Amino acid sequence: MNRKFLLIFLYLYALIFSVSKTIRIPNEWARSHWLLDYRFGFIKRGLAGELFGFLCEKKLFSITVLSAGILCLLYFLILNIALKSTLSFQKSFYRILFFVIFLLSQYIVFSAHLIGYLDHVIFLLTILSVYLIGRGKLFLSSLVAVFSIFIHEISLFLMLPVCCFFIIINETSIQRFSFRNIFSKHLLKKLSAFIILPLFAVFSISFFQEIYEGNYYSEIFSYLKGSSISPKVADSVSGAYTKSFSYYLKDQYVHFIQRLFISKATIFYGIPLLFSLWMMFKEFKLQKNIQLFILLASVSFIPLLLHAIAYDTYRIWSFPFMILFLIFWILSSKSEKNEHETKPISVPEIVFFMAAFLLVTLIPNFLFDDETERFSLWMRLILILPILSILYFFKKSFNQKTD
């Protein structure tokens, strides 16, 4: 069977399996974000709804179509990046295992469950920003980042670290990286040129929230209720749009350690994340550059700092999967093809993979709105058999090549 066709089928099947477990129409929280704009004055996260209002009437149907379009575009780019990154380095089995775990991961599951959330727009813009950085368009990439921050301030944790990581790698290379390089005059200029405008946007929004905390709450609440949003969700969204960042920090930081180290997600998400990190460590031979591995691991887990200001623990734990995916793409773009012929996967690595694989496929996720995942345990066991069969085929073919 054609290797390329089999790889496309494997990745597409894994993606469809993950999405099918939780896909739905946008919930009230997601719809509320698209309904809101600058009609009551400047508010954080108002840009997306403002632009949407220019395109069409804000109805459930149009929000659903827009949300589905955004998610489909994100999935298309993810599949395209995964396939190109794998087919360009056909001697590496680690790449296949990395992308399979990612496509089965809790990030993909939650992206379908939380269809319509602004996170998807942020990651689309992050892909665009990384693309522009790779082509030397630093100022344009910075403007994209500013645009992203006015859509959702979460860009500070999701977008900016990844882009800064790429700028560093672009200027130093994988092989010659060291922490000392970051403090070189040339690299500091590059980083400053990218990050000054986005940081100014973040501080401006934060300052506004501190000064005008509570403003527009009643107007937003009444508007959302009049737009068929339930009072409970309208109250929650109105508070999220008008309360200051310091308010959330004071209210939530006491739970940070527990959410990070003593939660179900610490195990259910942590093991697959550690496996993904190990695949990157092996694939890019980072034992030769531990400093780079420390940097990429740190960047990958920056989103977990959100536990100090937000209470949606499981959603936050899903973000590092996407950050690792983007970093994998960045490192692949800077790698030489002849550097990535890998040895056959070891028995401990197979055990590690199976632990991660079973956690992302068989353990149901804690979903929002009291929903549960589709497919019974027995159905899941049946549905994952094609994935394991194809992976066995690839493993066998890689072993034959190295004999």
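Cut-offs applied
- Each chain carries its own residue numbering, running from 1 in the written order of its sequence.
- Reporting of local features is limited, given that this is a predicted model, to residues whose pLDDT is at least 70; pairs of side-chain atoms are given and counted only at 80 or more, and all residues count toward the totals for whole chains, interfaces and linings.
- Heavy atoms from the whole structure form the basis of all side-chain values; hydrogens and water molecules are not counted.
- Every helix listed is a DSSP run of H or I at least four residues long, and every strand listed is a run of E at least two residues long, numbered separately from the N terminus.
- C-alpha atoms define the radius of gyration, and 2.2 Å times the number of residues to the power 0.38 defines the globule rule.
- Burial classes: relative accessible area under 20% of the type maximum marks a residue as buried, over 50% as exposed, and values in between as partly exposed (1.4 Å probe, protein chains only).
- The contact criterion used is simple: two residues touch if any of their non-hydrogen atoms lie within 4.5 Å.
- Between N-to-C directions, angles span 0 to 180 degrees; the directions come from axes that are lines fitted to C-alpha atoms, helices contributing only their stretch in contact.
- Angular relationships are summarised with four words: roughly parallel below 35 degrees, roughly antiparallel beyond 145, roughly perpendicular across 65 to 115, and oblique for the angles in between.
- Left-handed describes a crossing whose near helix is turned anticlockwise from the far helix through less than a right angle; right-handed describes the clockwise counterpart.
- For this scheme, ten residues count as nonpolar: Ala, Val, Leu, Ile, Met, Phe, Trp, Tyr, Cys and Pro. Four count as charged, namely Asp, Glu, Lys and Arg, and the remainder, Gly too, count as polar.
- A pocket, in this scheme, is an open set of points on a 1 Å grid over the protein atoms alone with protein on both sides within 12 Å along at least 5 of 7 lines, while a cavity is a set where a 1.4 Å probe fits but cannot get out; residues line either one if an atom lies within 4 Å of a point.
- Grid points are joined across faces, edges and corners, and a volume is the space filled by probe spheres set on the points.
- A helix's residues, less one, multiplied by 1.5 Å, set its expected span.
- In protein, a polar contact requires one atom able to donate a hydrogen and another able to accept it; more generally it is a pair of N or O atoms within 3.5 Å, and residues adjacent in sequence count only if both atoms are side-chain atoms.
- Salt bridge, as used here: a side-chain nitrogen of Lys or Arg that lies within 4 Å of a carboxyl oxygen of Asp or Glu.
- Nine residue types can take part in a nonpolar core, namely buried Ala, Val, Leu, Ile, Met, Phe, Trp, Tyr and Cys, and a core is a set of them joined through side-chain atoms within 4.5 Å.
- Each Phe, Tyr or Trp ring (for Trp, its six-membered ring) is paired with any other whose centre lies within 6.5 Å, and the angle between the two planes then decides the class: stacked below 30 degrees, edge-to-face above 60, tilted in between.
- Over a ring means this: the NZ of a Lys or the CZ of an Arg is within 6 Å of the ring centre and within 35 degrees of the ring normal.

Caption draft 1: Representation of the overall build of the protein. In terms of helices and strands, the protein carries 23 helices and 0 strands. Its C-alpha atoms give the protein a radius of gyration of 22 Å, near enough to 22 Å, the size a compact globule of 403 residues would have. Each of the three principal axes of the protein carries a C-alpha extent, and together these read 70 × 60 × 40 Å. In the protein, which comprises 403 residues, the share counted as buried stands at 54%. A fraction of 80% describes how many contacts in the protein between residues 6 or more apart in sequence connect residues 24 or more apart.

Caption draft 2: Spotlight on the packing of helix α5 (residues 93-104) against helix α18 (residues 270-283). For the pair α5 and α18, interaxial distance at closest approach is 9 Å and the crossing angle is 155°. With respect to each other, α5 and α18 are oriented roughly antiparallel. Considering the relative orientation of α5 and α18, their crossing is left-handed. On the side of α5, the interface is formed by Tyr94, Arg95, Leu97, Phe98 and Ile101, while α18 contributes Pro272, Phe275, Ser276, Met279, Met280, Lys282 and Glu283. Tallied by class, residues from the contact of α5 with α18 come to 8 nonpolar, 1 polar and 3 charged.

Caption draft 3: A look at empty space enclosed by the protein. One pass over the structure, following the stated rule, counts 4 cavities of 30 Å³ or more. Here the largest cavity is characterised by a volume of approximately 70 Å³. Taken together, Tyr107, Phe110, Ser111, Leu114, Tyr117, Asp119, His120, Phe123, Arg315, Ser318 and Phe319 make up the lining of the largest cavity. Those elements giving two or more residues to the lining of the largest cavity turn out to be α6 (106-113), α7 (119-134) and α20 (313-333).

Caption draft 4: The arrangement of α5 in detail. A rise of 1.5 Å per residue sets the reference length of α5, with its 12 residues, at 16 Å; its end C-alpha atoms lie 17 Å apart and thus fit the reference within 8%. By the criterion of burial, α5 is predominantly enclosed, with 12 of the 12 residues buried. Listed as buried for α5 are Phe93, Tyr94, Arg95, Ile96, Leu97, Phe98, Phe99, Val100, Ile101, Phe102, Leu103 and Leu104. Of the residues flanking the start of α5, the one acting as N-cap is Ser92, its side-chain oxygen 3.5 Å from the backbone nitrogen of Tyr94.

Caption draft 5: Looking closely at the layout of surface pockets. In this structure, the largest pocket occupies an estimated 1,100 Å³ of space. Mapped by element, the contributors of at least two residues to the lining of the largest pocket are α2 (28-35), α9 (155-158), α12 (185-211), α14 (231-242), α15 (245-252) and α20. A total of 5 residues in the lining of the largest pocket trace back to one element, the largest contributor, which is α20. When the residues that make up the lining of the largest pocket are grouped by side-chain class, the tally is 22 nonpolar, 6 polar and 10 charged. The computed volume of the second largest pocket comes to approximately 550 Å³. If you trace the second largest pocket, you find 21 residues lining it, with Ile81, Lys84, Tyr131, Arg135 and Trp329 closest to the centre.

Caption draft 6: Quick look at the pattern of salt bridges. Evaluation of the coordinates by the stated rule reveals 14 salt bridges. One salt bridge in this structure joins Arg95 and Glu283, with 2.6 Å as the shortest N-O distance. Taken together, the residues Arg95 in helix α5 and Glu283 in helix α18 connect sequence positions 188 residues apart. Just as Arg95 is buried, Glu283 falls in that class too. Where Arg315 meets Asp119, a salt bridge forms, and the shortest distance between an N and an O atom there is 2.8 Å. On the criterion of sequence distance, the pair formed by Arg315 in helix α20 and Asp119 in helix α7 is long-range, its members being 196 residues apart.

Caption draft 7: Here's a closer look at the nonpolar core. Tyr11, Ile96, Phe165 and Met322 are the most contacted members of the largest nonpolar core, which totals 140 residues. Among residues more than four places away in sequence, those in contact with Ile96 are Arg3, Leu7, Leu10, Tyr11, Thr86, Leu391, Phe394 and Phe398.

Caption draft 8: Representation of the environment of Phe284 within the structure. As for its placement among the helices and strands, Phe284 is situated in the loop between α18 and α19 (290-301). A C-alpha to C-alpha distance of 15 Å links Phe284 and Ser178, two positions 106 residues apart in sequence.

Caption draft 9: Seen up close, the packing of aromatic side chains. What the rule picks out here adds up to 32 aromatic pairs. Ring geometry for Phe177 versus Phe179: centroids 5.7 Å apart, planes at 80°, classification edge-to-face. Since its relative accessible area comes to 3%, Phe177 is described here as buried. Looking at Phe179, the relative accessible area reads 30%, which means it is partly exposed. In textbook terms, an aromatic cluster arises when at least three aromatic residues are bridged by ring pairs, as seen for Tyr11, Phe98, Phe99, Phe102, Tyr107, Phe123, Phe284, Phe319, Phe325 and Phe328. In this arrangement the basic side chain of Arg45 is found over the ring face of Tyr241, its NZ or CZ atom lying 5.6 Å from the centre.

Caption draft 10: Seen up close, the environment of Leu66. On the secondary structure map, Leu66 appears in helix α4 (residues 60-87). On the basis of relative accessible area, Leu66 is assigned to the partly exposed category, the value being 22%. Remark: the alpha-carbon pair of Leu66 and Gly116, spanning 50 residues in sequence, is separated by 7.9 Å. Non-local contacts of Leu66, meaning those with residues more than four positions away in its chain, are made with Trp34 and Phe52.

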